[in-house]
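Working through the structure, step by step
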Amino acid sequence: MHTSQTVTTGSEPHELTVNGRRHRVDVPGDTSLLEVLRNDIGDKSPKFGCGLGQCGACFVWVNGHPTPSCDLPVEYVTGEVQTAAGLGENGELHAVQKAFLELQAGQCGYCLSGVMMSAAALLRDNPRPTRSEVAAALDRNLCRCGTHQRFIDAVLAASGATA
Ligand code: FES
Ligand code: FES
């Protein structure tokens, strides 16, 4: 006869800064940052895709670096978190967000917040990227709708490049 055992991990307080606001959450330390963002903080912009750090749907910035939040335990988050919901400033969308809207670069939209975080990090560090540099920067972001070429067009438009 098989017996089952349930292992419970106790909640503990964790403090983190998301889009400039300080939050305290009481969750087990191995809870993913993605779960904390979506379920405890209420920021639904990062999405769950693979859960394995391989698709980019859940990308946020941790200390400015595009980072999968799905496999990052909250207890290891030591720095500022920024999500796509916090990309704009002073009520204005980020240039990448505007370009994606203007060019209707997305299709279903599920991957877009992760794509935005990669694209915005690229333009912050390299304001005039080449097409191949944009493609490389978005390489870790999978899009099941297959709209990568439109994404690249939008990022180039956001950079001010003319076609
Ligand atoms: S859901 Fe995190 S990388 Fe795929
Ligand atoms: S726009 Fe649908 S998955 Fe990327």
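Residues numbered from 1 in each chain as written. Chains lettered and ligands numbered in written order. Predicted model: local features only at pLDDT ≥ 70, side-chain atom pairs only at ≥ 80, totals over all residues. Heavy atoms only, no water.

1. Quick notes on the domain arrangement of the protein
A common way to state how big an interface is: give the accessible area lost once the parts meet. As far as domains go, the protein holds domain 1 (12-86) and domain 2 (95-159). A C-alpha centroid distance of 21 Å is found between domain 1 and domain 2. Across the contact, 16 residues belong to domain 1 and 12 residues belong to domain 2. Between domain 1 and domain 2 the total buried area reaches about 1,300 Å² when both faces are included, carbon and sulfur atoms providing 56% of it. Per-residue buried area on domain 1 facing domain 2 is highest for Phe 59, Trp 61 and Ala 84; these three make up 43% of the total on that side. The interface formed by domain 1 and domain 2 contains 0 salt bridges. (Domains from an automatic or database assignment. Contact = heavy atoms within 4.5 Å. Buried area = accessible area lost by both parts, 1.4 Å probe. Salt bridge = Lys/Arg side-chain N within 4 Å of Asp/Glu carboxyl O.)

2. Comments concerning the packing of helix H2 (residues 95-102) against helix H5 (residues 148-158)
As a packed pair, H2 and H5 sit with axes 8 Å apart at the nearest point and diverge in direction by 130°. In terms of their interaxial angle, H2 and H5 are classed as oblique. By crossing handedness, the relation of H2 to H5 is classed as right-handed. Here Ala 95, Val 96, Ala 99 and Phe 100 of H2 come into contact with H5, specifically with Phe 151, Ala 154, Val 155, Ala 157 and Ala 158. In terms of residue class, the contact of H2 with H5 is built from 9 nonpolar, no polar and no charged. (Axes fitted to C-alpha atoms, helices over the stretch in contact; angles between N-to-C directions. Helix = DSSP H or I, 4+ residues; strand = E, 2+ residues; numbered from the N terminus. Parallel < 35°, antiparallel > 145°, perpendicular 65-115°, else oblique. Left-handed = near helix turned anticlockwise from the far one by under 90°. Nonpolar A, V, L, I, M, F, W, Y, C, P; charged D, E, K, R; others polar.)

3. Looking at the sheet that holds strand E3 (residues 59-62)
In space, the 5 strands of this open sheet follow the order E2-E1-E5-E3-E4, with mixed pairing throughout. The two strands at the open ends of the sheet, each matched to only one other strand, are strand E2 (21-27) and strand E4 (65-68). Between one strand axis and the next, the sheet turns by 45° as a mean value, whatever way the strands run. Both strand E1 (residues 12-18) and strand E5 (residues 80-82) contribute to a ladder of 2 bridges, which runs parallel. Each bridged residue has a counterpart across the sheet, and for Thr 17 the counterpart in E5 is Glu 80. Where helix H1 (residues 33-41) meets the sheet, its contacts fall on E1, E2, E3 and E5, and the angle it forms with E2 comes to roughly 100°. Contacting E3, E4 and E5, helix H3 (residues 112-125) runs over the sheet at an angle of about 40° to E3. (Pairing = 2+ DSSP bridges.)

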